[in-house]
Amino acid sequence: MKTRSINQLVDSTKLAIVVVVACLLVSLIILMVSDQPWVAISSFFFGPFSTIRRIGNILEGAIPLIFTALAVTLIFRAGQFSMISEGSFFIGILGATIVGISLDLPAGLHPIVALLVAGLLGAIAAAIPALLKLKWQVSEVVTSIMLNYIIQFFVIYMINYHFRDPEASSLASLKIATTASLPGIVPGTRIHLGLIIALIFSALTWFFVFRMKAGYEIRLVGDNADFARYVGIRAPLVMVMAQVVAGAIAGIGGGVEFLGMYSRFKWTVSPGYGWTGIAVALLARRNPIMVPFAAIFIAYLNVGSGIMARSSDVGSEIVYIIQGVIMLMIAADALLQGWRQRLVVKSATAMEGI
Amino acid sequence: MTALRMEHITKVYPNGVVANRDIVFDVAVGEIHALSGENGAGKTTLMKILFGEETATEGKIFIHGEEQYIHTSQDALKLGIGMVHQHFMLVPSLTVTENIILGIEMRKGLSIDYTQSKKLVQEYGEKYHMYLDPDAKVKDLSVGQKQKLEILKVLIRGAKILILDEPTAVLTPQETAELFTELKHLRNEGFTIIFISHKLSEVRELCDHITIIRKGESKGVYALADITDEEISQKMVGRDVELTIARSEGKRGKTLLKVENLSVLEEGGKPRVDNVSFNLHEGEILGIAGVEGNGQSELVDVITGLGNFQHGSVLFQNKPIKYNHVKEIREAGIGHIPEDRMSIGIASNLSITENLLADKTRWKEFFGKNGLLIKQKIRSFSAKMVEDYAILCRDPEVPISSLSGGNIQKVVLARELSSKPQLIVANQPTRGVDVGATEFIRKQLLSMRDAGGAVLLVSSDLRELFGLSDRLLVMYEGKFAACITDLTSIDEQGLGRYMLGLDTQDTEMVMRNAQ
Ligand SMILES: Nc1ncnc2c1ncn2[C@@H]1O[C@H](COP(=O)(O)OP(=O)(O)OP(=O)(O)O)[C@@H](O)[C@H]1O
Ligand SMILES: [Mg+2]
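Let us look at the structure shown here.

Calculation criteria
- Residues numbered from 1 in each chain as written.
- Chains lettered and ligands numbered in written order.
- Predicted model: local features only at pLDDT ≥ 70, side-chain atom pairs only at ≥ 80, totals over all residues.
- Heavy atoms only, no water.
- Near = heavy atom within 4 Å.
- Polar contact = N/O pair within 3.5 Å; in protein donor to acceptor, adjacent residues only side chain to side chain.
- Areas by Shrake-Rupley, 256 points an atom, 1.4 Å probe, with all protein chains shown as cover.
- Helix = DSSP H or I, 4+ residues; strand = E, 2+ residues; numbered from the N terminus.
- Nonpolar A, V, L, I, M, F, W, Y, C, P; charged D, E, K, R; others polar.
- Axes fitted to C-alpha atoms, helices over the stretch in contact; angles between N-to-C directions.
- Parallel < 35°, antiparallel > 145°, perpendicular 65-115°, else oblique.
- Left-handed = near helix turned anticlockwise from the far one by under 90°.
- Contact = heavy atoms within 4.5 Å.
- Expected span 1.5 Å × (residues − 1).
- Bend = angle between axes of the 7 residues up to and from the residue.
- Buried < 20%, exposed > 50% of the residue type's maximum accessible area, 1.4 Å probe, protein only.
- Pairing = 2+ DSSP bridges.
- Buried area = accessible area lost by both parts, 1.4 Å probe.
- Salt bridge = Lys/Arg side-chain N within 4 Å of Asp/Glu carboxyl O.

This next bit is on the site of ligand 1. All names here are of chain B. Ligand 1 sits among 21 residues. The nearest are Gly40, Thr44, Thr45, Ser402 and Gly406. Within the side chain of tyrosine 13, an N or O atom sits 3.5 Å from a nitrogen atom of ligand 1. Histidine 198 has a polar side-chain atom sitting 3.1 Å from an oxygen atom of ligand 1. Computed on the free molecule, ligand 1 has an accessible area of 640 Å², of which 87% lies beneath the protein chains in the complex. Counting residues per element, the shell around ligand 1 draws most heavily on helix H1 (residues 43-50), at three residues. Its residues assigned to classes, the shell around ligand 1 comprises six nonpolar, twelve polar and three charged.

What follows is the structure, given as structure tokens:
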């Protein structure tokens, strides 16, 4: 067996173990806190598969996570730690809302324009912390987190003062034109065209990172910025570029989520997909191709916990415990090292025989 | 009497590399024993196993005849084994004493007994003729002194068996001679020393026996009196190696690089490079000699765009070189083999292939018109590099960090030389590489020169400077102490005197000859 395939085998086994252990841990916690643990456990694990509609919920839930996780992947690959995916996603929603309400375009074109505007706004948002760092070496971690709040209030202000539906009793925008919506693709669920777009974006991001010069430069800079400088790559510009592209992806994600699932803007706080996107990106080991799988898994846990909260006495917060445990275990590199070593030794000695 | 015996040692790294294969290694008490082999032969690995930093996959270790299980370096130290690593392991901001007692602090109540520690450092220094100022900061020490400090550190921890992994790679001849006196002195005191070096002359001067390993396997133990240099390199490399390279007379062409009144000042205004001028021509190898830290690195940084300068100018093909314009400088045709290859010369988590390509992002044959990687071309290019430079690896897609020290160096060289630069700034190009690769690299530099290119060669290996340079500048405290146009007119000792500032040539003459 080649070392590469050994590594793949060990990695995927490790992932499986992590998932199983996480699930066991959940069961254990439920057993301890619940009066009817079996109801809770079964609704958590099997609930999401009980109806077509619920399976649909998993996939719908995965769509925004795919976009934010792809954005996080790009930013982390460039060695940056901007948390802007959250803000870019939310401002992307605003962009799509405005285009959906104010422009009058034919059905095919309308969502495209809306998504382009969403992506543009997302990119601009992401450029701010990136440029602040480029110019004045301000930590992008801090500025992006602060900017996320500013964006949140800016978006709510815009909706409240410029696009609010005066008829509605709570905060909600006017309805967007039906031409702008993304159509459903699976009858009996709310799965929409956005799923396909998300998958295409995953493939494109993978291609960008591993098959294009710009992606190669991002990885170089992310691994060793001094080295990049020494070979004549303008590392600061590459870092900004990576963040801008990431912002665009997150912004488009916001637009897709909005146009696929809603007909008017109703959020009072930013939905937090940017933060969960970090967990998804890490679970996918910063590999864009793995992102959809990781997103679906996290979405499954979210749906399961929701069902459990409704049908038993255990709260849905338990899902955060699982996410935390999974992250910890993924980070624990020593897990299965011994097994990997034995396989490698066996294959290396077998090759000696030739 | 044997000090140590390693029996049937096999080591397989997690990535599947078999670094040691059934090696038997025997060292007698009170001898200096050389361990030699090509880059990646497995020398460091074998020594790390002895020192408890790696665990052998198979095999036994006997110390003074008794089988021992060494799992950590603490275990090794308890058995009296100490190791000085290939790269320095010191804390620059701490003093000599603080570095030595790190981890074995003597306590006085809750605080560290500094006076007592200082006394200990002084005592040991005197006892072993390695006197160092106990209060000096490590960052102010010369490389030779740092090397002494590393050895003193091991001695104070009670080691009787010393492992020295390429200790001379960074030393000047004077410092090396001094180190050798000390090592011989230690041998007479009954210490056992394992000495790793790629320089046969050093091995011959210092050692009693040599164990040669090749591709992880032992090729035998020899008394140095019974084996010639040619036989040693033959056994290491598996073919005959030319130890001295024939070179033709150079044909000096147009001026390629013109440095005029260049000064580099440090923060406080003290000059690191002090108003120097010189020209470098097509078809010429210009050597720069000097003890490390006399301005060579700053000079190299300016020419390659990595370092700033305050006065003067640098013209390459009549165009000024500007600070930070690395991309333009490389496009103009300047290549750079950096001294500190581990920290700026590689991206350690990327593959060998990706490291080879890093300076070629403008090459259409690899990156296409629309910025797509042309995988096929890239793959065959990196396969060719791995073959030409004999880079030892399982395949070119493994992370570069899994290569041995010398093989990492080869990747850097392969990248820089394959870009066909007009001028290559080579800073210590053969440091840490084996005889075969040294031969190859020197030939490459010479053939670049013969094809009309220019080489600025900064090296602390005097034989290399003598063997390759057409002209030689000696740097001392930021200035040129001498410019030697006829290399037959001077020997290593004489050159050493210029390097230490004991002699200087007439300034007028240096200026004239440097043009
Ligand atoms: N940490 C590691 N992980 C995987 N492989 C390694 C590791 N360290 C070394 N190797 C591999 O083991 C082999 C032996 O390496 P080692 O460092 O012992 O060589 P060496 O003889 O000291 O060479 P050099 O003269 O270049 O220092 C090499 O092929 C190298 O690629
Ligand atoms: Mg080594």
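Helix packing for two helices is described by the angle between their axes and how far apart those axes are. Residues and elements named next belong to chain A. For the pair helix H8 (residues 213-223) and helix H10 (residues 235-261), interaxial distance at closest approach is 9 Å and the crossing angle is 115 degrees. The orientation of H8 with respect to H10, classified from their angle, is roughly perpendicular. Of the two possible hands of crossing, H8 and H10 adopt the one that is left-handed. Counting all contacts with H8, which are made through Ala214, Glu217, Ile218 and Val221, the residues of H10 involved are Ala235, Val238, Met239, Met241 and Ala242.

With that out of the way, let us pick up helix H3 (residues 52-77) of chain A. Residue and element names in this part refer to chain A. Over its 26 residues, H3 runs 37 Å from end to end, which matches the ideal 38 Å to within 8%, given 1.5 Å per residue. At isoleucine 63, H3 is deflected by roughly 25 degrees, the largest bend along its length, and proline proline 64 occurs up to four residues later in sequence. In terms of burial, H3 is a largely internal element, 19 of the 26 residues being buried. Phi turns positive, to about 75 degrees, at glycine 79, one or two residues after H3.

Turning to the sheet that holds strand E10 (residues 192-196) of chain B, a few remarks are in order. Residues and elements named next belong to chain B. In spatial order, the strands read E6-E9-E10-E3-E11-E12; together these six strands make up an open sheet with mixed pairing. Whereas interior strands pair on both sides, the edge strands pair on one side only; in this sheet they are strand E6 (81-84) and strand E12 (217-223). Taken pair by pair, the neighbouring strands of this sheet meet at an average axis angle of 20 degrees, ignoring direction. Pairing between strand E9 (residues 161-165) and E10: five bridges, direction parallel. When the sheet's bridge partners are listed, isoleucine 161 is paired in E10 with threonine 192. Contacting strand E3 (32-36), E9 and E10, helix H6 (residues 173-188) runs over the sheet at an angle of about 145 degrees to E10.

Counting from both sides, the interface comprises 27 residues of chain A and, opposite them, 44 residues of chain B. Buried area between chain A and chain B, summed over both chains or domains, comes out near 3000 Å², and the portion from carbon and sulfur atoms is 53%. Linking chain A to chain B there are two salt bridges. Residue arginine 234 of chain A pairs with glutamate 328 of chain B through a salt bridge whose shortest N-O separation is 2.5 Å. Run the count over chain A and chain B and you get 17 residue pairs in polar contact (both at pLDDT 80 or more). Of all the secondary-structure elements, those providing two or more residues to the side of chain A that touches chain B are helix H1 (3-33), helix H7 (194-211), H8, helix H9 (225-230) and helix H14 (337-352) of chain A. Considered class by class, the residues forming the side of chain A that touches chain B number 13 nonpolar, four polar and ten charged.

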